Amino acid sequence: MFENKGRTELGELGEFGLIEHLTNNFKIRHETSVKGIGDDAAVLHSGDKEILISTDLLLEGIHFDLAYVPLMHLGYKAVQVNLSDIYAMNGVAAQITVSIGVSSKFPLEAVEEIYKGIELACNKFNIDLIGGDTSSSKQGLVLSVTSIGYAAKEDICYRNGANEGDLICVSGDLGGAYVGLQILEREKQIFLENPNIQPDLEGKDYIIERQLKPEGRRDIVDLLAQMKIVPTAMIDISDGLASDIMHICKQSEKGCTLYEDKFPIDPMTYETARELGLDPTVCALNGGEDYELLFTIKQEDYTKLKHDVDITVIGHITDKASGCKMISKSSVVHELKAQGWNAFKL
Ligand code: ADP
Ligand code: MG
């Protein structure tokens, strides 16, 4: 069927290239579709608040490994990473739907564990579970979450609103989820070679939690509202700081300068990265899965947040021609590269 068309490997396009390729002929037909493909969530117009919708698909063996991800954590994380996209629009999530494909190797008790995690996340973030779909699966566990949120039109933050001179801010700290994953992978290998050895995760709680139990930053959305700051652009860090700031720059048609010495890296992340022979800066730039919020603000808003310990200014927006740069601790200029996680290049 595809013989005359030749054959193009999906890996050549990458995730974003593939999405663009498949969807660029689709035109928006309704005025109510304020924003379609291309941001953290779609924006629909309805009444006095806009509706935000985002969906994610998690596949066993691609996005998670049941060898070290407890099922309850999986349910919790599946919801959190999805809510994170609503928060990245500066909105508040209110509902989710959950769809699952389960193979017969799972007993009821296992699926219940996943739902315990989903329930925990719903309780913690005040979310209603309003539907979904259930099917059997022949190839491992499939979990898809769609979340629905709300925001006033003037509060919504797109990826394309950054202006030259804006400050680049990030919540929390970076690289922890990736370094936590490296520890889990290491212990899995040791276990596979010798099942009698128990995993040694001692003292690594914070980074293991960053990997297994990320939290969407609803608190930052509330904090920004309190401080009366509407970021000019925002995204959540799912693929890594480098990849995600480049999404903002590309869509805003701007460049950026980041300062390595400003990157918020937790001491445990830093020390463990070193122990594993990894560069903590590279973990912060390319690790991904931190689910922190990365946003740009007008310079005049700086005084409103400069005392907040949970938000760090890491750089500023420049013109497009200057490109995306990082100034290292030794003042060397590096071109940023989006080496984020890519499901098609494993
Ligand atoms: P995020 O990392 O924030 O979840 P993605 O990188 O998954 O965002 O998606 C980028 C954009 O592409 C989003 O607007 C998403 O809805 C859209 N998208 C992703 N996959 C598809 C698809 N198969 N068909 C249509 N739109 C898609
Ligand atoms: Mg996102």
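Residues numbered from 1 in each chain as written. Chains lettered and ligands numbered in written order. Predicted model: local features only at pLDDT ≥ 70, side-chain atom pairs only at ≥ 80, totals over all residues. Heavy atoms only, no water.

1. Considerations on the domain arrangement of the chain
- In terms of domain boundaries, the chain breaks down into domain 1 (10-155) and domain 2 (167-335).
- Relative to domain 2, the C-alpha centre of domain 1 lies at a distance of 22 Å.
- Counting residues at the interface gives 28 residues for domain 1 and 27 residues for domain 2.
- For the pair domain 1 and domain 2, the summed buried area comes to about 2,200 Å², and 54% of that belongs to carbon and sulfur atoms.
- Contact with domain 2 buries surface across domain 1, with Tyr68, Lys77 and Tyr87 losing the most and accounting together for 27% of the total.
- Taking the shortest distance from any N to any O, the salt bridge between glutamate 215 and lysine 124 comes out at 2.9 Å.
- Where domain 1 touches domain 2, the interface holds 9 residue pairs in polar contact (both at pLDDT 80 or more).
- Sorting the residues of the side of domain 1 that touches domain 2 by element identifies helix 1 (10-23), helix 2 (71-87) and helix 3 (108-125) as the ones contributing at least two each. (Domains from an automatic or database assignment. Contact = heavy atoms within 4.5 Å. Buried area = accessible area lost by both parts, 1.4 Å probe. Salt bridge = Lys/Arg side-chain N within 4 Å of Asp/Glu carboxyl O. Polar contact = N/O pair within 3.5 Å; in protein donor to acceptor, adjacent residues only side chain to side chain. Helix = DSSP H or I, 4+ residues; strand = E, 2+ residues; numbered from the N terminus.)

2. Some points on the UniProt feature "binding site: Mg(2+) 2" (unreviewed entry) in the chain
- The positions that UniProt labels "binding site: Mg(2+) 2" (unreviewed entry) are, in the present scheme, Asp56 and Asp85. Over a stretch of 30 residues, the named residues converge on one spot in the fold, their C-alpha atoms separated by at most 9.5 Å.
- With respect to the helices and strands, the residue aspartate 56 is situated in strand 3 (residues 49-59).
- If we skip the residues at most four places from it in the chain, aspartate 56 touches Val81, Asn82, Asp85, Leu143, Ser144 and Val145.
- For aspartate 85, the location among the structural elements is in helix 2.
- The contact partners of aspartate 85, leaving out residues within four places of it in the chain, are Asp40, Ala41, Ser54, Asp56 and Asp236.
- A distance of 3.3 Å separates the side chain of aspartate 85 from the side chain of serine 54, its partner in a polar contact. (UniProt positions renumbered as here; feature names shortened; annotations may be inferred.)

3. Observations regarding the nonpolar core
- Counting residues in hydrophobic clusters, the biggest one holds 59 residues, and the most contacted among them are Ile96 and Phe295.
- For this core, the leading source of residues is helix 2, giving 8 residues.
- The two domains that each donate at least three residues to this core are domain 1 (10-155) and domain 2 (167-335).
- When near neighbours in sequence (up to four residues on either side) are disregarded, phenylalanine 295 contacts Leu167, Ile168, Cys169, Ile220, Leu224, Pro231, Ala233, Met234, Leu305 and Ile311.
- Counting residues in each nonpolar core, the second largest holds 23 residues, with Ala242, Leu258, Ala284 and Ile314 among its members. (Core = buried A, V, L, I, M, F, W, Y, C linked by side-chain atoms within 4.5 Å. Buried < 20%, exposed > 50% of the residue type's maximum accessible area, 1.4 Å probe, protein only.)

4. Brief notes about the site of ligand 1
- Around ligand 1, the neighbouring residues are Glu15, Phe16, Ile19, Thr23, Ile37, Gly38, Asp39, Asp40, Asp56, Asp85, Arg159 and Ser238.
- In this structure, an oxygen atom belonging to ligand 1 sits 2.7 Å away from a main-chain N or O atom of glycine 38.
- Look at ligand 1: alone it shows 560 Å² of surface, and the protein chains cover 62% of it.
- Sorting elements by how many residues they give to the shell around ligand 1 places helix 1 first, with 4 residues.
- A per-class count over the shell around ligand 1 returns 3 nonpolar, 3 polar and 6 charged. (Near = heavy atom within 4 Å. Areas by Shrake-Rupley, 256 points an atom, 1.4 Å probe, with all protein chains shown as cover. Nonpolar A, V, L, I, M, F, W, Y, C, P; charged D, E, K, R; others polar.)

5. Observations concerning the sheet that holds strand 3
- One open sheet accounts for 6 strands, arranged 1-2-3-6-4-5; its pairing is mixed. The outermost strands of the open sheet, each flanked by one partner alone, are strand 1 (33-35) and strand 5 (128-136). Each adjacent strand pair in this sheet contributes to an overall mean axis angle of 25°, direction not counted.
- Of the strand pairs in this sheet, strand 1 and strand 2 (residues 42-46) are connected by 2 bridges, and their pairing is antiparallel. (Pairing = 2+ DSSP bridges. Axes fitted to C-alpha atoms, helices over the stretch in contact; angles between N-to-C directions.)

6. Some thoughts on the coordination of the magnesium ion (ligand 2)
- Asp40 (OD), Asp85 (OD) and Asp236 (OD) make up the full set of protein donors to the magnesium ion (ligand 2), lying at 2.0 to 2.2 Å.
- Here the donor residues of the magnesium ion (ligand 2) are spaced in sequence according to D-x44-D-x150-D. You can see aspartate 40 sitting in the loop between strand 1 and strand 2 and its partner aspartate 85 sitting in helix 2, a full 45 residues away along the chain. Per residue, the accessibility class of aspartate 40 equals that of aspartate 85, and both read buried. (Donors = N, O, S within 2.8 Å, 3.2 Å for Na, K, Ca; no water.)

7. Describing a nonpolar patch on the surface
- Residues Phe16, Ile19 and Ile37 make up a contiguous nonpolar surface patch of roughly 270 Å² in combined accessible area.
- Relative to the helices and strands, phenylalanine 16 is located in helix 1. (Patch = residues over 30% accessible without salt bridge, like charges linked within 9 Å, V, L, I, M, F, W, Y side chains within 5 Å.)

8. Considerations on the packing of helix 4 (residues 176-193) against helix 8 (residues 267-275)
- The N-to-C vectors of helix 4 and helix 8 enclose an angle of 45°; their axes lie 9 Å apart at closest approach. Accordingly, the angle class assigned to the pair helix 4 and helix 8 is oblique. Judged by the twist between their axes, the crossing of helix 4 over helix 8 is left-handed. Facing Gly176, Val179 and Ile183 of helix 4, the residues of helix 8 in contact are Thr269, Thr272 and Ala273.
- When its residues are assigned to classes, the contact of helix 4 with helix 8 shows 3 nonpolar, 3 polar and no charged. (Parallel < 35°, antiparallel > 145°, perpendicular 65-115°, else oblique. Left-handed = near helix turned anticlockwise from the far one by under 90°.)

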